[in-house]
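Single-letter residue listing:
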Amino acid sequence: MATDTAKISQLKSAVANLNQISESEKTGFVSLVSRSLSGEAQQVEWSKIQTPTDEVVVPYDTLAPTPEDPEETRKLLDKLVVLKLNGGLGTTMGCTGPKSVIEVRNGLTFLDLIVIQIENLNKKYGCSVPLLLMNSFNTHDDTQKIIEKYSNSNIEIHTFNQSQYPRIVVDDFVPLPSKGHTDKDGWYPPGHGDVFPSLKNSGKLDALLSKGKEYVFVANSDNLGAVVDLKILNHLIRNKNEYCMEVTPKTLADVKGGTLISYEGKVQLLEIAQVPDQHVNEFKSIEKFKIFNTNNLWVNLKAIKRLVEADALKMEIIPNPKEVDGIKVLQLETAAGAAIRFFDHAIGINVPRSRFLPVKATSDLLLVQSDLYTLVDGFVTRNPARTIPANPSIELGPEFKKVASFLSRFKSIPSIIELDSLKVAGDVWFGVGITLKGKVSIAAKSGVKLEIPDGAVLQNKEINGPEDI
């Protein structure tokens, strides 16, 4: 096998000829690959891991109240920029185009809700919080068209693209586009850790700094709970924290999420991929690692500039093997949360679960479209009539995987305020005005269509045919 130095020089000359991408993308890509070959991604020494104290992971309810004077609040908000990660497609939910244009509730999309929230904020306090969307080459063109509909709103919307890197052919370590795969399949966006260099390379970072902006609030566009929080912003400005990761208590559904640890005097993110095999079960336990990363991040803009210019953000590399037309390829990615250890006075804040409401599948869509939530001013909030803190667990079979099929199988979304769990398998169709309570399991027999009639109330039932209803 060629030596790593030979591999890199071969890759460098191949990349130099890829005129679809910029010089900064070429440099960023080659440096990422060099880092991955040098094997600097050492596993953590398990015995050195410490549970962070309340100074490092601050409990949300200990944050100082926000200033009562609206003028003070306006000044705070004028230092803020909201950035949504908008690089993902809706393909897993059977939709074309950016995931952020899937309709969430009342005909409004993720993006509509985000714009309404910031509009209301700007109107209420007379501030001008801009919205930035980080697109990928997969979502850029569609997003540019979609945001035209907001041109009359009182909110500035800026878009920029994250990097476009070539996939690497595993066999001979050549970029896939150099082998004639010049369509989208030859390329990949290198994960949201790329948000920091891309902000800088796009010119957006300097433009924001020149307008007196100080902090960026970064979140996934599909997290309906990621709304601007004045207490957090106020805390960071007062305490000069350059970076803040919102974490929230783990439930059994979150065992794979990254957690914050204290390690050699720094706070850092620990992801399941970095955990030695013999400790994976311990990592997943809720006893030792009680919190996980929501990917709601607050970061100081000057600090981003300083660290990107010094090329100091060397986050753990996540190798992501794929296959394109039978060719084994590798894409190397990084995550924004892993950057926490490079910033000064970095903290976590242990926030309420309500700030983490991601919609990853139609089962999540069922939750947020039901009476479990209400929509006010663009904010999706939990119905206080639900007394149990946890949401019901919902498992829908493959027939419900695509948004269109999901919508056609529910004439209306059932009432689930008193539901503990729902399992649906097979060819099941729901009528109007159905109520589900307790534990409900519905499984249609193979090849048989099972219709749940209008107005049915199902409580702690297992249903395998119409006779069980």
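Residues numbered from 1 in each chain as written. Predicted model: local features only at pLDDT ≥ 70, side-chain atom pairs only at ≥ 80, totals over all residues. Heavy atoms only, no water.

The protein appears in an unreviewed UniProt entry as UTP--glucose-1-phosphate uridylyltransferase from Salix viminalis. Listed under Catalytic activity (unreviewed entry) in UniProt, the entry text for the protein is "alpha-D-glucose 1-phosphate + UTP + H(+) = UDP-alpha-D-glucose + diphosphate". In its Sequence similarities (unreviewed entry) section, UniProt records this for the protein: "Belongs to the UDPGP type 1 family." (UniProt positions renumbered as here; feature names shortened; annotations may be inferred.)

Attention shifts here to the overall build of the protein. Of regular secondary structure, the protein possesses 12 helices and 26 strands. Its C-alpha atoms give the protein a radius of gyration of 24 Å, near enough to 23 Å, the size a compact globule of 469 residues would have. Projected onto its principal axes, the C-alpha coordinates of the protein cover approximately 70 × 60 × 55 Å. Of all 469 residues assigned to the protein, the portion counted as buried reaches 52%. Surface exposure of the protein reaches about 21300 Å², of which carbon and sulfur atoms provide 51%. Here the protein holds 53 positive side-chain charges and 57 negative ones, and the gap between their average locations is 1 Å. (Helix = DSSP H or I, 4+ residues; strand = E, 2+ residues; numbered from the N terminus. Rg over C-alpha atoms; globule rule 2.2 N^0.38 Å. Buried < 20%, exposed > 50% of the residue type's maximum accessible area, 1.4 Å probe, protein only. Areas by Shrake-Rupley, 256 points an atom, 1.4 Å probe, with all protein chains shown as cover. Lys, Arg positive; Asp, Glu negative; His and termini not counted. Charge placed at Lys NZ, Arg CZ, Asp CG, Glu CD.)

Our focus in this paragraph is the UniProt feature "binding site: UTP" (unreviewed entry) in the protein. Mapped onto this structure's residue numbering, the UniProt feature "binding site: UTP" (unreviewed entry) falls at Lys99, Gln162, Gly191, Asp222 and Lys360. Following the sequence through the fold, Lys99 ends up in the loop between strand S3 (80–86) and strand S4 (103–105). For Lys99, a relative accessible area of 11% gives the class buried. Aside from chain neighbours lying at most four places away, what touches Lys99 is Gly88, Leu89, Gly90, Met93, Phe110, Asp222, Val359 and Lys360. Relative to the assigned elements, Gln162 resides in the loop between strand S7 (157–161) and strand S8 (165–166). (Contact = heavy atoms within 4.5 Å.)

So, about helix H4 (residues 110–125). The end-to-end C-alpha distance of H4 is 23 Å, a good match for the 22 Å that 16 residues give at a rise of 1.5 Å each. By the burial criterion, the buried members of H4 are Phe110, Leu111, Asp112, Leu113, Ile114, Val115, Gln117, Ile118, Leu121, Asn122 and Tyr125. (Expected span 1.5 Å × (residues − 1).)

A separate point is the packing of helix H3 (residues 70–77) against helix H8 (residues 230–239). Helices that pack against each other are described as a pair by the angle of their axes relative to one another and the distance between those axes. It is at 10 Å that the axes of H3 and H8 come closest, and there the two elements cross at 75 degrees. Judged by the angle between their axes, H3 and H8 are roughly perpendicular. From H3, Thr73, Leu76 and Leu77 reach across to H8, where they touch Leu230, Leu233, Asn234 and Ile237. Its residues assigned to classes, the contact of H3 with H8 shows 5 nonpolar, 2 polar and no charged. (Axes fitted to C-alpha atoms, helices over the stretch in contact; angles between N-to-C directions. Parallel < 35°, antiparallel > 145°, perpendicular 65-115°, else oblique. Nonpolar A, V, L, I, M, F, W, Y, C, P; charged D, E, K, R; others polar.)

What follows concerns the environment of Asp172. With respect to the secondary-structure elements, Asp172 resides in the loop between strand S9 (168–169) and strand S10 (187–188). Asp172 gets classed as partly exposed once you look at its relative accessible area, which sits at 31%. Sequence separation of Asp172 and Asp325 is 153 residues, and the distance between their C-alpha atoms is 16 Å. Sequence-distant contacts of Asp172, defined by excluding residues within four places in its chain, comprise Gln10 and Lys179.

Okay, the pattern of salt bridges next. If you walk through the whole model with that rule in mind, you get 28 salt bridges. Lys48 is the partner of Glu264 in a salt bridge, and the nearest nitrogen-oxygen pair spans 2.7 Å. Of this pair, Glu264 sits in the loop between strand S13 (259–263) and strand S14 (266–270) while Lys48 sits in the loop between helix H2 (23–37) and strand S1 (49–50), and the two are 216 residues apart along the sequence. Given a relative accessible area of 57%, Glu264 falls into the exposed group. A relative accessible area of 33% places Lys48 in the partly exposed class. A salt bridge links Glu418 to Lys437; the shortest N-O distance between them is 4.0 Å. In this pair, Glu418 is assigned in the loop between helix H12 (403–409) and strand S22 (419–425) and Lys437 in strand S24 (residues 435–443), connecting sequence segments 19 residues apart. Here the residues in one salt-bridge network are Lys200, Asp206, Lys305 and Glu309, joined through shared partners. (Salt bridge = Lys/Arg side-chain N within 4 Å of Asp/Glu carboxyl O.)

Residue position: Ser100 is located in the loop between S3 and S4. A polar atom in the side chain of Ser100 sits 2.6 Å from the side chain of Asn86. In this view, Ser100 contacts Asn86, Thr109, Phe110, Leu111 and Ser221; residues no more than four positions away in its chain are not counted. (Polar contact = N/O pair within 3.5 Å; in protein donor to acceptor, adjacent residues only side chain to side chain.)

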